[in-house]
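So you can see what is in the structure, the chains are spelled out below.
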Amino acid sequence: PFWLKTLLDLSHPNLAHHLSQLACPSNIFSFAIMQGAINSVKRYLQVDSAKEFKEHVEAQIATLQQEMDKLAGKEKQQERSQKGRAVSDLRAGHRYIDACRVVKGARPI
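**Describing the overall build of the protein chain**
Regarding its fold elements, the protein chain presents five helices and zero strands. Burial status across the protein chain gives 11% buried among its 109 residues. Pairs at least 24 residues apart make up 44% of the contacts formed inside the protein chain by residues separated by at least 6 positions. Of the accessible surface of the protein chain, which amounts to about 8,600 Å², a share of 57% is contributed by carbon and sulfur atoms.

Structure representation (structure tokens):
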């Protein structure tokens, strides 16, 4: 269609032919299906990667919390605070927050 050709510079001689092929309704439908399949594969890989990263960070957090539980008494308060800050930093990390959102089905920030 002419509106598609006006959006692009058609200085390349074969570009007009390719655009006319793409402008066919069946080709546009096929292209949309192909794009949808590619996007779903990307989404699956993104969710899988996010799950792995989230599990890795949660394992680190669990280890730090176990270490904090072993540190009892007033004399160990400073060490507990340091480990608590490390846990807080892990939970506030942008990658961890994005991984949690992707696993839940939301878009990353």
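**Here we look at the nonpolar core**
Among the nonpolar cores identified, the biggest contains six residues, and these are V57, I61, L64, V87, Y96 and C100. Contributing elements (two or more residues each) for this core: helix 3 (25-70) and helix 5 (94-104). Broken down by element, the residue count for this core peaks at three residues, all from helix 3. Apart from the residues within four sequence positions on either side, V87 is in contact with I61, L64, Q65 and M68.

**Digging into the packing of aromatic side chains**
Enumeration over the complete set of coordinates arrives at zero aromatic pairs. Here R95 stacks its cationic end above the ring of F53, 4.1 Å away from the centre of that ring.

**A few points about the packing of helix 4 (residues 77-92) against helix 5**
Orientation of helix 4 relative to helix 5, taken along the N-to-C sense of each, is 55°, at an axis distance of 5 Å. When the axis of helix 4 is compared with that of helix 5, the two are oblique. On helix 5, the residues touching L90, R91 and A92 of helix 4 are H94, Y96 and I97. Grouping the amino acids of the contact of helix 4 with helix 5 by side-chain chemistry returns four nonpolar, one polar and one charged.

**Re helix 5**
By the burial criterion, the buried members of helix 5 are Y96, A99, C100 and V102. Down the axis of helix 5, the buried side of the element spans an arc of 165°, and every buried residue falls inside it. Along helix 5, exposed side chains directed more than 90 degrees from the buried face belong to H94 and K104. A positive phi of about 105° marks G105, the residue just after helix 5.

What counts as what
Residues numbered from 1 in each chain as written. Predicted model: local features only at pLDDT ≥ 70, side-chain atom pairs only at ≥ 80, totals over all residues. Heavy atoms only, no water. Helix = DSSP H or I, 4+ residues; strand = E, 2+ residues; numbered from the N terminus. Buried < 20%, exposed > 50% of the residue type's maximum accessible area, 1.4 Å probe, protein only. Contact = heavy atoms within 4.5 Å. Areas by Shrake-Rupley, 256 points an atom, 1.4 Å probe, with all protein chains shown as cover. Core = buried A, V, L, I, M, F, W, Y, C linked by side-chain atoms within 4.5 Å. Phe/Tyr/Trp six-rings, centres within 6.5 Å; stacked < 30°, edge-to-face > 60°. Lys NZ or Arg CZ within 6 Å of the ring centre and 35° of its normal. Axes fitted to C-alpha atoms, helices over the stretch in contact; angles between N-to-C directions. Parallel < 35°, antiparallel > 145°, perpendicular 65-115°, else oblique. Nonpolar A, V, L, I, M, F, W, Y, C, P; charged D, E, K, R; others polar. Arc of directions from axis to C-beta.

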